[in-house]
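Letter by letter, the chains look like this.
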Amino acid sequence: MSTAEATRVLLVEDNAGFVYLVRDLLVRKGHGRFTVDAAGSLAEALSAIRAGGFDVVLLDLGLPDSRRIETFSRMRAAAGDTPIVILTVLNDDEVAHEAMKAGAQDYLVKDQVDESLLKRSITYAIERAANQKALHDMSARLLQLQDEERRRLARELHDGTAQDLAALSMNLSVLRRHMDALGADGRAALADSVVCAERCASELKTMSHLLYPPLLEEMGLAGVVKEYVDGFADRSGIAVELDVPADLGRLPPETETALFRVMQESLANILRHSGSSTAAVRFTRGAGEIGLEVNDKGRGMPGELPGSGGPGGVLLGIGIRGMRERMRQLGGRLDIASGPGGTTVKAVLPFMEIEQ
Ligand SMILES: Nc1ncnc2c1ncn2[C@@H]1O[C@H](COP(=O)(O)OP(=O)(O)OP(=O)(O)O)[C@@H](O)[C@H]1O
Ligand SMILES: [Mg+2]
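Here the structure is a predicted model, which is why all the values come from computation and not from measurement.

Engineer: Requested: an account of the coordination of the magnesium ion (ligand 2), with residues and values cited.
Structural biologist: Coordination of the magnesium ion (ligand 2) by the protein is provided by Glu265 (OE) and Asn269 (OD1), with metal-donor distances spanning 2.1 Å. In this pair, Glu265 and Asn269 both sit in helix H8 (residues 253–274), four residues apart, roughly one turn of the helix. A residue is classified by how much of its surface remains accessible, and Asn269, at 16% relative accessible area, is buried.

Next up, the structure:
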């Protein structure tokens, strides 16, 4: 939005008198800074927002076809990056809190609104939404770079260093055939070198698998999780129960990568933080939705749950933030439940069926 252009407001409001009032405040007294289109029902508002072209939505929660927070959730899902300011008669702190948590930019109560408050709220809502979008774009880019970097490292370890090691091992076996020509020192050094080369090869393999399972693209999620989970269980000593539905099938590549990363990070967190000796990884597939749950029976997260943002909250690393951001980008959710009995990370992603 350039400053010279008028701010395009979608006013979702079924009360004609209030529509008149808002138009009066924004359009008549607004010196051309605002245009206001009104929609009298949620259905009308949803088709208007989908058609695009608005800078901000002013949303009444009580509409003929929808009420309370449900009105906000449905508008939020359709509005994309367009900020929403709630403007309602409902002076209810609980609804206000819920709406702000779910991403409303402001919550205004009708009989407390005057011209300057309304204009300020709209302007700040647009600014904040632009900043949030920039931040989201930046995290999306960072996650993508992290993925590319891990993939590049995995490929280099696999195609470069691992090949050199394989050549080294072959040379060592040639030398072994000439053992007799060596003295006792030479034979011991050779045997030691063989063991060393084997250990390097196996560590390298583990490392490149941890960075990026080489077969994820080829075999899909269902094809690689078992090997990954088995490998994790072997290395960590944590017994992991794995449940993958037989009909999981292939999912879009970004969905497979995102779910794989969530599983990987959750298992890493279990190993590092939970103290649990067991874990369970469960994939589910429903209509247009794919779910992943990773659970442990460990000590739970210290303090408040991450994301609650309150004081005393867990100091978030990159792990949980990254999982949340990946889910957000793909239109999904990440929920974490944690207590003294353990922690459950639950990810849900919508997906479109693709041809097998
Ligand atoms: N399964 C778990 N059990 C107990 N605490 C956990 C668990 N998962 C996460 N936590 C707590 O939540 C915090 C944040 O986790 P997060 O993955 O975001 O960061 P991290 O693991 O500390 O660092 P990194 O950025 O390397 O992932 C952890 O430091 C830990 O205190
Ligand atoms: Mg972590």
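Engineer: Could you give an account of the pattern of salt bridges, with specific residues and numbers?
Structural biologist: The full count for this structure, using the stated rule, is 20 salt bridges. Lys119 is the partner of Glu115 in a salt bridge, and the nearest nitrogen-oxygen pair spans 2.7 Å. Of the two residues, Glu115 and Lys119 both sit in helix H5 (residues 115–176), four residues apart, roughly one turn of that helix. On the basis of relative accessible area, Glu115 is assigned to the partly exposed category, the value being 26%. Among the ionic pairs, Glu241 bridges to Arg282, the shortest N-O distance being 3.6 Å. In this pair, Glu241 is assigned in strand E6 (residues 239–243) and Arg282 in strand E7 (residues 278–286), connecting sequence segments 41 residues apart. Given the relative accessible area of 52%, Glu241 is considered exposed. By relative accessible area, Arg282 is classed as partly exposed at 30%. Among the charged side chains, a network of salt bridges with common partners joins Glu13, Asp60 and Lys110.

Engineer: With reference to specific residues and values, describe the site of ligand 1.
Structural biologist: Ligand 1 sits among 17 residues. The nearest are Asn269, His273, Asp296, Ile318 and Ile320. Glu265 places a side-chain nitrogen or oxygen 3.0 Å from an oxygen atom of ligand 1. Take Ile320: an N or O atom from its main chain is 2.9 Å from an oxygen atom of ligand 1. In the complex, the protein chains occlude 83% of the 600 Å² of accessible area that ligand 1 would expose alone.

Engineer: Please set out unusual backbone geometry residue by residue, giving values where relevant.
Structural biologist: Of note, Arg68 is a non-glycine position whose phi angle comes to about 50°, a positive value. Note that Arg68 resides in helix H3 (residues 68–79). Exposure remark for Arg68: the relative accessible area of 41% places this residue in the partly exposed category.

Engineer: Go over the sheet that holds strand E9 (residues 333–339) with me, naming the residues and quoting the values.
Structural biologist: Strand order in this open sheet of five strands is E6-E7-E8-E10-E9, and the pairing throughout is mixed. In this open sheet, the two edge strands, each paired with only one partner strand, are E6 and E9. Across the sheet, the axes of successive neighbouring strands diverge by a mean angle of 10°, strand direction being ignored. As defined by bridge partners, E9 adjoins strand E10 (residues 342–350) across seven bridges and the pair is classed as antiparallel. For Ile336, the partnering residue across the bridge sits in E10 and is Val345. Contacts between helix H9 (residues 318–329) and the sheet are confined to E9 and E10, with E9 contributing the most and set at about 145° to the helix.

Engineer: I'd like a description of the sheet that holds strand E1 (residues 7–12), backed by residues and values.
Structural biologist: What the five strands build is an open sheet, ordered E2-E1-E3-E4-E5; its pairing is parallel. Each edge of the open sheet carries a strand with a single partner, namely strand E2 (34–39) and strand E5 (106–109). On average, each strand axis in the sheet is inclined to that of its neighbour by 20°, with strand direction left out of account. Where strand E3 (residues 56–59) meets strand E4 (residues 84–88), three bridges bridge the pair, whose relative direction is parallel. Residue Val57 lies in a different strand from E4, and its bridge partner there is Ile84. Strands in contact with helix H2 (residues 42–51) are E1, E2 and E3; relative to E1, the strand with the most contacts, it is inclined by about 160°.

Engineer: Before we move on, could you go through the packing of H8 against H9 and cite the residues and values that matter?
Structural biologist: In the contact formed by H8 and H9, the axes pass within 10 Å of each other and the chain directions differ by 160°. In terms of orientation, H8 lies roughly antiparallel with respect to H9. Once H8 is placed against H9, the crossing between them reads as left-handed. Residues Ala258, Arg261, Val262, Glu265, Ser266 and Asn269 of H8 lie in contact with H9, whose contacting residues are Gly319, Ile320, Met323, Arg326 and Met327. Tallied by class, residues from the contact of H8 with H9 come to five nonpolar, three polar and three charged.

Engineer: For the nonpolar core, give the residues involved together with the corresponding values.
Structural biologist: Generally speaking, nonpolar side chains in soluble globular proteins are found buried as a group. Ranked by size, the top nonpolar core spans 40 residues in total, and within it Leu221, Met263, Leu267, Phe283 and Leu292 carry the most contacts. It is helix H7 (residues 216–236) that contributes the most residues to this core, eight residues altogether. Contact partners of Leu267, with chain neighbours within four places excluded, come to Tyr228, Val229, Phe232, Val281 and Val294. Core analysis: the next-biggest nonpolar cluster, separate from the first, contains 24 residues, Val12, Val57, Leu61 and Ala96 among them.

Cut-offs and rules
Residues numbered from 1 in each chain as written. Chains lettered and ligands numbered in written order. Predicted model: local features only at pLDDT ≥ 70, side-chain atom pairs only at ≥ 80, totals over all residues. Heavy atoms only, no water. Donors = N, O, S within 2.8 Å, 3.2 Å for Na, K, Ca; no water. Helix = DSSP H or I, 4+ residues; strand = E, 2+ residues; numbered from the N terminus. Buried < 20%, exposed > 50% of the residue type's maximum accessible area, 1.4 Å probe, protein only. Salt bridge = Lys/Arg side-chain N within 4 Å of Asp/Glu carboxyl O. Near = heavy atom within 4 Å. Polar contact = N/O pair within 3.5 Å; in protein donor to acceptor, adjacent residues only side chain to side chain. Areas by Shrake-Rupley, 256 points an atom, 1.4 Å probe, with all protein chains shown as cover. Pairing = 2+ DSSP bridges. Axes fitted to C-alpha atoms, helices over the stretch in contact; angles between N-to-C directions. Contact = heavy atoms within 4.5 Å. Parallel < 35°, antiparallel > 145°, perpendicular 65-115°, else oblique. Left-handed = near helix turned anticlockwise from the far one by under 90°. Nonpolar A, V, L, I, M, F, W, Y, C, P; charged D, E, K, R; others polar. Core = buried A, V, L, I, M, F, W, Y, C linked by side-chain atoms within 4.5 Å.

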